[in-house]
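The lines below spell out each chain.
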Amino acid sequence: MKSFICLCLVVALSGCITQSLATYEPVVDPYSTDMNAFQADLVQCRGIASAVKAQYEKQASEQAANNLLIGVATGALVGAASPRILLIKPAALVLLRLYFL
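Trainee: Lay out the overall build of the chain with the relevant residues and their values.
Mentor: A tally of regular secondary structure across the chain gives two helices and zero strands. Here the chain, with 101 residues, has 2% of them falling under the buried criterion. Surface exposure of the chain reaches about 9100 Å², of which carbon and sulfur atoms provide 70%.

Trainee: Tell me about a nonpolar patch on the surface, and name the residues and values.
Mentor: A grouping of M1, F4, I5 and L7 is seen on the molecular surface, where their side chains present a nonpolar patch of about 500 Å² in accessible area. Positionally, L7 belongs in helix α1 (residues 2–14). On the accessibility criterion, L7 (52% relative accessible area) is exposed.

Quick notes on the rules
- Residues numbered from 1 in each chain as written.
- Predicted model: local features only at pLDDT ≥ 70, side-chain atom pairs only at ≥ 80, totals over all residues.
- Heavy atoms only, no water.
- Helix = DSSP H or I, 4+ residues; strand = E, 2+ residues; numbered from the N terminus.
- Buried < 20%, exposed > 50% of the residue type's maximum accessible area, 1.4 Å probe, protein only.
- Areas by Shrake-Rupley, 256 points an atom, 1.4 Å probe, with all protein chains shown as cover.
- Patch = residues over 30% accessible without salt bridge, like charges linked within 9 Å, V, L, I, M, F, W, Y side chains within 5 Å.
- Salt bridge = Lys/Arg side-chain N within 4 Å of Asp/Glu carboxyl O.

It is worth stressing that arrangement in space is one thing and function is another; only the former is reported here.
Have a look at this one:
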């Protein structure tokens, strides 16, 4: 059973593996394709993909920083409100016990 779980984990994680943009090359028919033009197009395509990837990673990093700030602010607000909640909670429990008894 343990080996089955490990196998399932390996199969699930292998789906996360992606091929690098620098090594990807689509399959084309070399007999009906001008390979010099194809290589030139491939180099241009890789350059565009690298630029877009860099822009995406920058945007994702900025979004992660914004999410972190929002999470810290939310945690601070909840933490500041928690003493009030802790004071209300015992009274609410007493009322619930009286109601259901």
